[in-house]
Amino acid sequence: MEVVLGQVEQLPALLAVSRSALVRDWDSLTLDRALEWARYFQHLHDRFRARPQLREALGRRLRRSQPYPQLGFSALGRCPQLLGMALLENRALPPAACRRLLRSLPQSPGAGIGLEPRGLELIARRKAAACLLTLPRRPPRRLPGPEAPLQAEAQLLLSRLQEEAQEVPEAAGQLRWLCGVLEQLPQRRAFEVVAAALVLLQQAEPAGGRGREGSSLDGYQASAARDGCTAELLLSWLLGSQERFSAFCLCLSCSHLAFLAGHYSQLSRSYLDLLTVWGSHLVYDPLQGRWVKSCLDKAELSWEELRQRFICLCQGSTLLKEQTQAALKLLRTQDGDFKVCGVSVWTDLLMEV
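Residues numbered from 1 in each chain as written. Predicted model: local features only at pLDDT ≥ 70, side-chain atom pairs only at ≥ 80, totals over all residues. Heavy atoms only, no water.

Draft legend 1. Just the pairing of strand β2 (residues 290–293), in detail. Bridging between strand β1 (residues 282–285) and β2 involves four bridges; their strand directions are antiparallel. When the sheet's bridge partners are listed, Y284 is paired in β2 with W291. Hairpin connection between β1 and β2: a loop of four residues separates the two successive antiparallel strands, and G289 in this loop has a positive phi of roughly 70 degrees. (Pairing = 2+ DSSP bridges. Helix = DSSP H or I, 4+ residues; strand = E, 2+ residues; numbered from the N terminus.)

Draft legend 2. Inspection of the packing of helix α15 (residues 265–279) against helix α17 (residues 318–334) at higher detail. At a closest axis distance of 11 Å, the pairing of α15 and α17 adopts a crossing angle of 35 degrees. α17 is crossed by α15, and the crossing has right-handed handedness. Residues S268, R269, L272 and T276 of α15 touch α17, and the partners they reach there are L320, Q323, T324, A327 and L331. Taken together, the residues that form the contact of α15 with α17 break down as four nonpolar, four polar and one charged. (Axes fitted to C-alpha atoms, helices over the stretch in contact; angles between N-to-C directions. Left-handed = near helix turned anticlockwise from the far one by under 90°. Contact = heavy atoms within 4.5 Å. Nonpolar A, V, L, I, M, F, W, Y, C, P; charged D, E, K, R; others polar.)

Draft legend 3. Region of interest: helix α2 (residues 11–18). The complete set of buried residues in α2 reads L11, P12, L14, L15 and S18. Within α2, the buried residues cover an arc of 160 degrees as seen down the axis, which keeps them to one side. Each element contacted by the buried residues of α2 is listed here: α1 (2–8), α3 (28–48), α4 (52–64), α5 (73–77) and α6 (79–88). (Buried < 20%, exposed > 50% of the residue type's maximum accessible area, 1.4 Å probe, protein only. Arc of directions from axis to C-beta.)

Draft legend 4. Just the packing of aromatic side chains, in detail. For the structure shown, the criterion picks out seven aromatic pairs. Each ring, one from W37 and one from F41, has its centre 5.8 Å from the other, and the planes form 35 degrees; the classification is tilted. Pair noted here: W37 and F41 are both in helix α3, with a separation of four residues, about one helical turn. Aromatic pair F191 and F248: ring centres 5.6 Å apart, planes at 85 degrees, arrangement edge-to-face. One end of the pair, F191, is in helix α11 (residues 187–203); the other, F248, is in helix α13 (residues 242–251), with 57 residues separating them in the sequence. Accessibility assignment for this pair places F191 and F248 in one class, buried. Three or more aromatic residues joined by ring pairs make a cluster, and in this case those are F191, W237, F245 and F248. (Phe/Tyr/Trp six-rings, centres within 6.5 Å; stacked < 30°, edge-to-face > 60°.)

Draft legend 5. How the structure looks around the nonpolar core. Counting 58 residues, the largest nonpolar core has L157, L178, L234, F248, L260 and L267 as the members making the most contacts within it. If you tally residues by element for this core, the top one is α11, at 11 residues. Leaving out residues up to four positions away in the same chain, L178 has contacts with L157, L161, L233, L234 and W237. Of all hydrophobic cores here, the second largest spans 30 residues; its members include L76, C79, L87 and A97. (Core = buried A, V, L, I, M, F, W, Y, C linked by side-chain atoms within 4.5 Å.)

Geometric descriptors of this kind do not, in isolation, establish any biological role.
See the structure below:
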């Protein structure tokens, strides 16, 4: 088994080479060997997918390999596609090797060199998606929901999460995979993709689904349960670090956060707790007649920004509005239950909202 683990550890190196300029020296024989290794890794996936302990051992060895920590056990099953896609995108691949690769793609696994029958179709779709995502942006007309490239990235993330859930039933394993993927993105982009994915999960809920009967109702319930598990996973990553969640809230607009808070109770509670911390860093300046930051390195929001965020929450659903007002009233009571301006920030916020 140690030999197999050592072989699996070479998968990131194989993919790295396929994306590098080193492939300019590849001939048809070298390409065939690379494809054989890809099929071998796929065989390991099919052989060990039903054996949790071995599957976890292979996944740990892959995650330990750098610079691609996002690779997990499921990557073994997609190795022919990953290799083929990397080579097709690499302009350094010699024409003879490229022709050999293209001839091999449509063939079946039993036909000698070949990826699985859907390999070419899958690579073509992903290549087309990648090209669309890299097109220069135009000043666009506003679309409902996330912008188109961001929505596509979020949809791809949700699809991969569902694939990973089939391969790795344990939530801890799925969360490790998600952390590895999101760490590869700039922090702001990772936040935007996660927020867009949470929005898409809400938009995907079929209208009137709960009123359907028979298999349609069963399908809806299964889909809702799957989406709920995916949302829990995204929220676990987001709320797993106070510093990360704080940066997330500073990154998104107050209206966007209010929408998410209105649909995800875990997020709304954490968001209100965070606003409470931020509000506690404001002090009243009698000379200026307004609330100011007591410590510039701790107070994240000004009075105006804090007020706007509470106003957005109160403009959301009835439940969110009631939750926000109840939180403010409790904070005012804990602060002495003053009813005059300039004594408690929570009193003044209640008057504003």
